[in-house]
Amino acid sequence: MVAATLQPTPEQEVVGAPKMPRRRRRLPFSGWHFFLLPTALLFVVPFVQMVVASLSPAKELVQFPRPLLPSHLTLDGFQQLFSTTPALHWLLNSAIVALSAIVAQGILCSLAGYGFARLKFKGRNVSFFFILATIMIPTQVLMVPTYIVFARLGLLDGLGAAIVPWLAGAFGIFLMRQFFLSIPKEMEEAAALDGCSRLQIFFRVVLPLAKPALATLAIFTLLGSWNDLVWPLIAINNEANFTIQLGIANFQGTRRTQWDLLMAANVVATAPLIIFFLAAQRQFIATMTFSGVKG
Amino acid sequence: MTHHESTAVRRLADNLHGWAFIGPAMIIVVGLSIFPAVWSFILSLQKWDGFSEPKLVGTGNYARLVSDQMFWGAVRHTALYTFLFVPASVLAGLLFAVALNRKIRGIGFYRTAIFVPFVASAASTGVLATYLFSPQFGLANDMLRRLGLPPQGWLEDPTQAMLVIAIMSLWGQAAFTTVIYLAALQDVPSELTEAAKIDGAGPWQTFWRIIWPHLSPVTVFVVVWQAIGALQLFDLVYTTTRGGPLDSTKTIVYFLWEKAFRTLEFGYGSAAAYGLFLVTLTITIGIVVYSRRKNLEAF
């Protein structure tokens, strides 16, 4: 036990030593900056590289060692992107998919969430169990049968194929149900006494209260549908109906040497989400936190 | 109308109302999740290319899976990625959350910088990975050159490709674990940490004795969550290496995607999907039971 006598345990130290304010040379700023600043810069590097490359002359991007800054800035990459590829069309497709998904999820999931939270009817608990069970099912189990069903229905290759799976989802239903359970019933009861129907109560009283939850759902759906790759990859072969993500993945095969064009495509695909993120950072973080808490 | 009848009518109306609210969403969820999940299991017992008549083969597909060298390779590659990514993302999340959980100058910038890659898609991340880690002209090799170190093959080297994929995943997803840990840190009662400080505990002791025990349920949760995601890796492989070089990044989902949608072996692909589902479920239940035994209420 020599070590024990030489090195008092922390408790002994606390009990034994008189409380002396520890003298430390204080930095004029927190020491955490030494960790956070390099980390933050490291996380920004890929985006900075992306933007710089999209504005650089293509030839300079494949030089090694590469000059730190391009000799001059050029919009060639963007111009090539929009004149020689259907990227603009793909962006529009992605916007249509994301917008349809957000609107449909907002309506269908809040309706269902309200039904599960407030209404009493036969089969409610069984249905809700099924909804929760689907959260456990991984997408790759569903890919093959969904593909076959879509093929039979003649939905493959159309933009609809990318939209339909996003119309409603277990996550959204669960999120809205939790929200509706958390708000007091009094206002709905008062509206019912005034003779409002269930649907009127839902649209006039409940839904306006649900804005924060709807914002969370919208962000979750936006991120998922805008960035989705696996399902469009399986379901859409027709280049006219590509989403921008599918287009970029496709470029890697067909235009892998045109880094200025590739990075320009990357910028236009990522910029909308980055702008949304910067504008509504708190909502995004709430969304991430909720998607964690649901387990 | 008798009292009895009116209750019956009201009940019927209640049921109709209820189903009117949940019906549309239920159709989508059942049609696109429950039904395909059941069908997928039936498919896993069949041999089918989508055109000819499906043939029942019982557990044949599963037997073939167990003896398929390519599949075991995919299992190994997936396991490698999981062991690289999960611990790294949990530790990074913990570290970043502790670092960001303070009011210092510039904290807004630090937070934004660490969080914003979360919005980057797999396709974008894949293009960025290929660019930054290009053996010919990439920034990574340029940094090594400046440090006087030899250039690496990165995504073109079978021994390094998975590491690069894990690094890029970490870049995009550190935000998630960080946010979860940040929320958990803010739930630690400040009286406890204050009391520890008054008793003379240093920051290191305060963390391990007071804060860490509060974080263990969250840790169990993020480990499970990240592991489930890691076992399903596909996107980033598709957008960087397409399973190469020399199959070194061919994961289970990449394997089953190839089987189902490249060689049109629907039954075999479905069996692989169900196999993965079972493994995921087993690991999840295992970790949950373990944490219950240890009294960590994560779920």
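Position numbers for residues start from 1 in each chain and track the written sequence from start to end. Written order decides the labels, with chains lettered from A and ligands numbered from 1. In view of the model being predicted, local features appear only for residues whose pLDDT reaches at least 70, and side-chain atom pairs are presented and counted only at 80 or more, with totals across whole chains, interfaces and linings using the full set of residues. Values shown for side chains rest on all heavy atoms present in the structure; no hydrogens or waters enter the calculation.

Draft legend 1. Layout of the overall build of chain A. Helix and strand content of chain A: 17 helices and zero strands. Its C-alpha atoms give chain A a radius of gyration of 27 Å, more than 25% over the compact-globule value 19 Å for 295 residues. Taking the principal axes of the C-alpha coordinates as reference, chain A spans close to 75 × 65 × 40 Å. The buried share of chain A, reckoned over its 295 residues, is 47%. Here the open area of atoms and residues is found with the Shrake-Rupley method and a 1.4 Å probe, where only the protein chains shown may cover a residue. By element, 66% of the accessible surface of chain A is carried by carbon and sulfur atoms, the whole surface being about 15200 Å². Each charge class in chain A was averaged separately, 22 positive and 12 negative side chains, and the resulting centres sit 8 Å apart. The way it works is that DSSP assigns letters per residue, a run of H or I at least four long becomes a helix, a run of E at least two long becomes a strand, and they are numbered from the N terminus. Here the globule rule reads 2.2 Å times residues to the power 0.38, and the radius of gyration is calculated from C-alpha atoms. Buried means the residue's accessible area, taken with a 1.4 Å probe over protein chains only, is under 20% of the maximum for its type, while exposed means over 50%, and partly exposed covers the values in between. A residue counts as positive if it is Lys or Arg and as negative if it is Asp or Glu; His and the chain ends are not included. Charge positions are represented by NZ for Lys, CZ for Arg, CG for Asp and CD for Glu.

Draft legend 2. Representation of the overall build of chain B within the structure. A tally of regular secondary structure across chain B gives 12 helices and two strands. When the helices and strands of chain B are listed from N to C terminus, the series reads α-β-β-α-α-α-α-α-α-α-α-α-α-α. Its C-alpha atoms give chain B a radius of gyration of 25 Å, more than 25% over the compact-globule value 19 Å for 299 residues. Taken along its principal axes, the extent of the C-alpha atoms in chain B is 75 × 65 × 35 Å. Across the 299 residues of chain B, 52% fall into the buried class. Pairs at least 24 residues apart make up 65% of the contacts formed inside chain B by residues separated by at least 6 positions. Entry remark: accessible area of chain B is about 14100 Å², with carbon and sulfur atoms responsible for 67%. Two residues qualify as a contact provided that any one of their heavy atoms is within 4.5 Å of a heavy atom in the partner residue.

Draft legend 3. Structural detail: unusual backbone geometry. Residues and elements named next belong to chain B. The residue after Gly244, namely Pro245, is reached through a cis peptide bond having omega -15 degrees. Positioned with a positive phi, Leu246 is a non-glycine residue whose angle comes to about 55 degrees. Residue position: Leu246 is located in the loop between α10 (235–240) and α11 (252–261). The phi dihedral of Asp247 is positive, around 65 degrees, even though this residue is not glycine.

Draft legend 4. Examining the packing of helix α13 (residues 211–227) of chain A against helix α16 (residues 259–279) of chain A more closely. Residue and element names in this part refer to chain A. Between N-to-C directions, angles span 0 to 180 degrees; the directions come from axes that are lines fitted to C-alpha atoms, helices contributing only their stretch in contact. Axis separation between α13 and α16 bottoms out at 11 Å; the angle between their running directions is 170 degrees. The angle between α13 and α16 falls in the class roughly antiparallel. Residues Leu222, Leu223, Trp226 and Asn227 of α13 pack against Ala269, Pro272, Leu273 and Phe276 of α16. For the contact of α13 with α16, a count of residues per class yields seven nonpolar, one polar and no charged. Here the word oblique covers every angle except those under 35 degrees (roughly parallel), over 145 (roughly antiparallel) and from 65 to 115 (roughly perpendicular). Lys, Arg, Asp and Glu make up the charged group, whereas Ala, Val, Leu, Ile, Met, Phe, Trp, Tyr, Cys and Pro make up the nonpolar group; the residues left over, Gly among them, are polar.

Draft legend 5. Focus on the interface of chain A and chain B. Counting residues at the interface gives 98 residues for chain A and 96 residues for chain B. The buried area of a pairing is the accessible area, by a 1.4 Å probe, that goes missing from both parts when the two are put together, added over both. Summing both sides of the interface, chain A and chain B together bury roughly 8500 Å²; the carbon and sulfur share of this comes to 77%. Summed over the three residues of chain A that lose the most area to chain B, namely A:Phe43, A:Phe64 and A:Met288, the buried surface amounts to 9% of that side. Criterion for a salt bridge: a side-chain nitrogen of Lys or Arg within 4 Å of a carboxyl oxygen of Asp or Glu. Put simply, chain A and chain B have zero salt bridges between them. In the analysis that follows, any N or O atom pair within 3.5 Å is treated as a polar contact, provided that within protein one partner can donate a hydrogen and the other can accept it, and provided that, for residues neighboring in sequence, both atoms belong to side chains. Where chain A touches chain B, the interface holds 14 residue pairs in polar contact (both at pLDDT 80 or more). With 15 residues, helix α3 (residues 33–54) of chain A is the single largest residue contributor to the side of chain A that touches chain B. Each residue belonging to the side of chain A that touches chain B can be placed in one class, and the counts come to 66 nonpolar, 22 polar and 10 charged.

Draft legend 6. Inspection of the pattern of salt bridges at higher detail. Residue and element names in this part refer to chain B. Enumeration over the complete set of coordinates arrives at six salt bridges over all chains. Two residues, Arg146 and Asp142, come together in a salt bridge whose shortest N-O distance is 3.2 Å. Here Arg146 pairs with Asp142, and both are found in helix α6 (residues 139–146), just four residues apart, close to one helical turn. Since its relative accessible area comes to 46%, Arg146 is described here as partly exposed. A residue is classified by how much of its surface remains accessible, and Asp142, at 5% relative accessible area, is buried. Taken together, the shared-partner salt bridges connect Asp142, Arg145 and Arg146 into one network.

Draft legend 7. Looking closely at the domain arrangement of chain B. The split of the chain into domains comes from an automatic or database domain assignment. Entries for chain B in the domain assignment read domain 1 (3–37) and domain 2 (60–293). Relative placement of domain 1 of chain B and domain 2 of chain B: their C-alpha centres are 40 Å apart.

Draft legend 8. Layout of the environment of A:Val205. Residue and element names in this part refer to chain A. As for its placement among the helices and strands, Val205 is situated in helix α12 (residues 198–209). For the pair Val205 and Ala191, spaced 14 residues apart in the sequence, the C-alpha separation amounts to 7.7 Å. Setting aside residues no more than four positions away along its own chain, Val205 makes contact with Met187, Glu188, Ala191 and Gln200.

Draft legend 9. Highlighting helix α15 (residues 244–254) of chain A. Counting buried positions along α15(A) gives eight out of 11 residues, so the element sits mostly inside the fold. Along α15(A), the residues classified as buried are A:Ile244, A:Gln245, A:Leu246, A:Gly247, A:Ile248, A:Ala249, A:Phe251 and A:Gln252.

Draft legend 10. How the structure looks around the environment of A:Leu81. Residues and elements named next belong to chain A. Among the secondary structure elements, Leu81 is positioned in helix α5 (residues 76–84). Expressed as a C-alpha distance, the spacing of Leu81 and Asp194, which sit 113 residues apart in the sequence, is 59 Å. Setting aside chain neighbours within four positions, we find Leu81 in contact with Ala87, Phe251, Leu261, Ala264, Ala265 and Val268.

Draft legend 11. Region of the structure containing the packing of α12(A) against α13(A). Residue and element names in this part refer to chain A. Packing of α12 against α13 brings their axes to within 5 Å, and their N-to-C directions diverge by 70 degrees. With respect to each other, α12 and α13 are oriented roughly perpendicular. Side by side, α12 and α13 meet where Leu207, Pro208 and Leu209 of the first sit next to Lys211, Pro212 and Leu214 of the second.

Draft legend 12. Quick peek at α11(B). The buried fraction of α11(B) amounts to nine of the 10 residues, a majority that puts the element mostly inside the structure. All buried positions along α11(B) are accounted for by B:Ile252, B:Val253, B:Tyr254, B:Phe255, B:Leu256, B:Trp257, B:Lys259, B:Ala260 and B:Phe261.

Draft legend 13. Just the confidence of the model for chain A, in detail. Residues and elements named next belong to chain A. How sure the predictor is of each residue is captured by pLDDT, a score from 0 to 100. Per-residue confidence for chain A averages 86 on the pLDDT scale, and 90% of its residues sit at or above 70. Averaged pLDDT values over the elements of chain A bottom out at 38 in helix α1 (residues 2–6) and peak at 96 in helix α6 (residues 87–118). Residue range residues 1–19 is modelled with pLDDT below 50. Its contacts to residues more than four positions away, or to other chains, number seven contacts.

Draft legend 14. The packing of aromatic side chains, seen in detail. Only Phe, Tyr and Trp rings take part, Trp by its six-membered ring, and two of them pair if their centres are within 6.5 Å. Stacked means planes under 30 degrees apart, edge-to-face means over 60, and tilted covers everything else. Within this structure, the stated rule accounts for 45 aromatic pairs over all chains. A centroid spacing of 6.1 Å and a plane angle of 75 degrees characterise the contact between B:Phe255 and B:Tyr268, whose relative ring orientation is edge-to-face. Remark: B:Tyr268 occurs in helix α12 (residues 266–293) and B:Phe255 occurs in helix α11; sequence separation between them is 13 residues. By relative accessible area, which is 2% here, B:Tyr268 ends up buried. By the ring-pair criterion, three or more aromatic residues cluster together here, those being A:Tyr114, A:Phe179, A:Phe180, A:Phe202, A:Phe203 and B:Phe21. When the NZ atom of lysine or the CZ atom of arginine is within 6 Å of a ring's centre and also within 35 degrees of its normal, the charge is said to sit over that ring. If you follow B:Arg64 out to its NZ or CZ, it ends over the ring of B:Tyr268, 3.6 Å from the centre.

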